[in-house]
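Next come the chains, spelled out residue by residue.
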Amino acid sequence: LDFRQAIDDFIAKTCDLRQYELSDADWAGIELVMQWLKSFHSATTQMSTTKCPMLSSAHAIFHGLQESLQEDLAELPDSVPMKLQSALTSAHRKLSDYYFKVDELPFYVWASSMLLFIASQFG
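Thresholds applied
Residues numbered from 1 in each chain as written. Predicted model: local features only at pLDDT ≥ 70, side-chain atom pairs only at ≥ 80, totals over all residues. Heavy atoms only, no water. Helix = DSSP H or I, 4+ residues; strand = E, 2+ residues; numbered from the N terminus. Contact = heavy atoms within 4.5 Å. Areas by Shrake-Rupley, 256 points an atom, 1.4 Å probe, with all protein chains shown as cover. Core = buried A, V, L, I, M, F, W, Y, C linked by side-chain atoms within 4.5 Å. Buried < 20%, exposed > 50% of the residue type's maximum accessible area, 1.4 Å probe, protein only. Salt bridge = Lys/Arg side-chain N within 4 Å of Asp/Glu carboxyl O. pLDDT = per-residue confidence, 0-100. Expected span 1.5 Å × (residues − 1). Patch = residues over 30% accessible without salt bridge, like charges linked within 9 Å, V, L, I, M, F, W, Y side chains within 5 Å.

### Topic: the overall build of the protein
So, point 1. A tally of regular secondary structure across the protein gives 5 helices and 0 strands.
So, point 2. Reading the helices (α) and strands (β) of the protein from amino to carboxyl end gives α-α-α-α-α.
So, point 3. Contacts spanning at least 24 positions in sequence make up 52% of the contacts within the protein whose residues lie at least 6 apart.
So, point 4. Surface summary for the protein: the accessible area is close to 9400 Å², and the carbon and sulfur share equals 62%.

### So, the nonpolar core
So, point 1. Leu32, Trp36, Ala43, Ile61, Phe62, Leu65, Leu69, Leu76, Val80, Leu84, Leu88 and Leu95 form the largest nonpolar core, which has 12 residues in total.
So, point 2. For this core, the secondary structure elements donating two or more residues are α2 (24-48), α3 (55-74) and α4 (82-104).
So, point 3. Counting residues per element, this core draws most heavily on α3, at 4 residues.
So, point 4. Ignoring anything within four residues of it in the chain, the contact list for Leu95 reads Phe62, Leu65, Gln66 and Leu69.

### Looking at the pattern of salt bridges
So, point 1. Summed over all chains, the structure comprises 2 salt bridges.
So, point 2. The closest approach of N and O atoms between Asp8 and Arg4, which form a salt bridge, is 3.6 Å. Residue Asp8 and its partner Arg4 are located together in helix α1 (residues 4-13), separated by 4 residues, close to a single helical turn.
So, point 3. Judged by its relative accessible area of 28%, Arg4 is partly exposed.
So, point 4. Notably, a salt bridge pairs Arg4 with Asp24, separated by 2.6 Å at the nearest N-O pair. Taken together, the residues span a long stretch of sequence, with Arg4 in helix α1 and Asp24 in helix α2 at a distance of 20 residues.

### Some points on the side chain of Ser39
So, point 1. Relative to the helices and strands, Ser39 is located in helix α2.
So, point 2. Judged by relative accessible area, Ser39 falls into the buried class, the value being 18%.
So, point 3. When residues no more than four places from it in sequence are discounted, the contact partners of Ser39 are Leu65 and Ser68.

### Observations regarding the confidence of the model for the protein
So, point 1. Here the protein shows a mean pLDDT of 80. Residues at 70 or above account for 76%.
So, point 2. The lowest-confidence element of the protein is helix α5 (residues 107-122), averaging 63 in pLDDT; the highest-confidence one is α1, averaging 92.

### Thoughts on α2
So, point 1. Between its first and last C-alpha atoms α2 spans 36 Å; for 25 residues at 1.5 Å apiece the expected length is 36 Å, and the two agree.
So, point 2. Among the residues of α2, Trp27, Gly29, Leu32, Trp36, Ser39 and Ala43 are the ones counted as buried.

### A short note on a nonpolar patch on the surface
So, point 1. Taken together, Leu1, Ile30 and Met34 make up a surface patch of nonpolar side chains, about 210 Å² in accessible area.
So, point 2. Tracing the backbone through its elements, the reader meets Ile30 in helix α2.

### Things to note about the environment of Pro81
So, point 1. One can find Pro81 in the loop between α3 and α4.
So, point 2. In this structure the C-alpha to C-alpha distance between Pro81 and Gly29, which are 52 residues apart in sequence, comes to 7.6 Å.

See the structure below:
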C-alpha cells in the first residue's frame, strides 16, 4: 500500500491501463490479503530461524497461525468480496488439515516414552 498513490497516478495518466484502475474496495481487499500474508510470513520466519526445530514449536506456530486466521475470519466486514472470504476460509481449512495430521503422529508418545526410559537409566 506504500505505492497506492503512485499506482493510481500512473494508471490515471496511461489511457491503456484505465480499465485496470483499482477501486477503494479493491485496495481494501489488497490490504486484507497483505495482513494475512504477514501472518504467514511471521509463522514461516519463526519456523525457519529456529536453530533446533522441534515438532512442539512447529505445532505451536501452526496453532497460533490457525487462531490468527480464525480471528480474521470472524472480524471480516460484510463488504469483503466473496472470493477473499473463500480464500481465507480455504487457507484456514488447509492449515487445520496439517494441524490435525501433526496430532496424529506418534512422535509425542515416542518422545514421552524415551524420556521415561532415559530417566529410568540415568535417574
